[in-house]
Amino acid sequence: MFSDLSVGDLTALADMMTFRQFAKGSFVISQNDKGSVMYLLVAGRVKVSLASPEGKELALNYLEAPSHFGEMSLVDAEPRSADVIAVTNVEVLCLEAKDLSAAIQVQPKLALTLIATLSRRVRGLIGRLEDMAFHDATHRVMRVILNVATASYESRGVPVVEGLTHYEVATLAGTSRETASRVISQLAKDGVVGTKGRRVIVDLFALRDRIERD
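Residues numbered from 1 in each chain as written. Predicted model: local features only at pLDDT ≥ 70, side-chain atom pairs only at ≥ 80, totals over all residues. Heavy atoms only, no water.

Draft legend 1. A look at the nonpolar core. Counting residues in each nonpolar core, the largest one holds 26 residues, and the members touching the most others are Val 141, Ile 145, Val 161, Val 169, Leu 187, Val 202 and Leu 207. Sorting the residues of this core by element identifies β5 (57-64), α5 (137-156), α6 (166-173), α7 (177-189), β11 (199-202) and α8 (204-213) as the ones contributing at least two each. Looking at this core element by element, the count peaks at six residues for α5. Val 141 has contacts with Val 169, Ala 173, Thr 175, Ala 180 and Val 183, leaving out every residue within four places of it along the chain. With 17 residues, the next largest nonpolar core counts Leu 41, Val 46, Val 90 and Val 92 among its residues. (Core = buried A, V, L, I, M, F, W, Y, C linked by side-chain atoms within 4.5 Å. Buried < 20%, exposed > 50% of the residue type's maximum accessible area, 1.4 Å probe, protein only. Helix = DSSP H or I, 4+ residues; strand = E, 2+ residues; numbered from the N terminus. Contact = heavy atoms within 4.5 Å.)

Printed below as a string of structure tokens:
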């Protein structure tokens, strides 16, 4: 996000940020709260979710460092759209809306980066809606595994699903834990993924091909 900034601009931006830590299980962001801060996730994993008045939960995404979230309320000045909960102990850098505006004045490309981020997230939600409407549970589980492993490959160079339980994969796919376990087991038998505990190493090309044929 900040790759085009000079060392001097990065130093100035760093001076605008504050460092915070959240314990596992803590709410970093609560839905409907007024938001004036975006967060840069520098360590740990968070869950983005919605909760119904009856206590049912819909997991929208899991983010792991390095990542960022909370920028929507800075852009549209609306309340927070979802809860963000620490799945592990997390460390974040916090950037206030006024400081983000100042940073954009220093580096206008940051505005384009934010727009691109919001666009990717909207496209991701549209893709999930399409999967829910037109594809079965097996396809949806494979799509979740592909998306998570691809994000891991882009950020860490390793196509892996790590730290997510089969239940968490299932919630992202909108299906049961038993179905998610069955699909992962079959992919392992077919050599598309390799599993060791909660760590699933993914052959991205093979899985993408399987999804396209599904």
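Draft legend 2. Representation of the sheet that holds strand β7 (residues 83-86) within the structure. Read from one edge of the open sheet, four strands run β2-β7-β4-β5, paired in antiparallel fashion. Lying at the two open borders of the sheet, with one neighbouring strand each, are β2 (27-29) and β5. On average, each strand axis in the sheet is inclined to that of its neighbour by 30 degrees, with strand direction left out of account. Of the strand pairs in this sheet, strand β4 (residues 45-51) and β5 are connected by seven bridges, and their pairing is antiparallel. Following the sheet pairing, Ser 49 is matched in β5 by Ala 59. (Pairing = 2+ DSSP bridges. Axes fitted to C-alpha atoms, helices over the stretch in contact; angles between N-to-C directions.)

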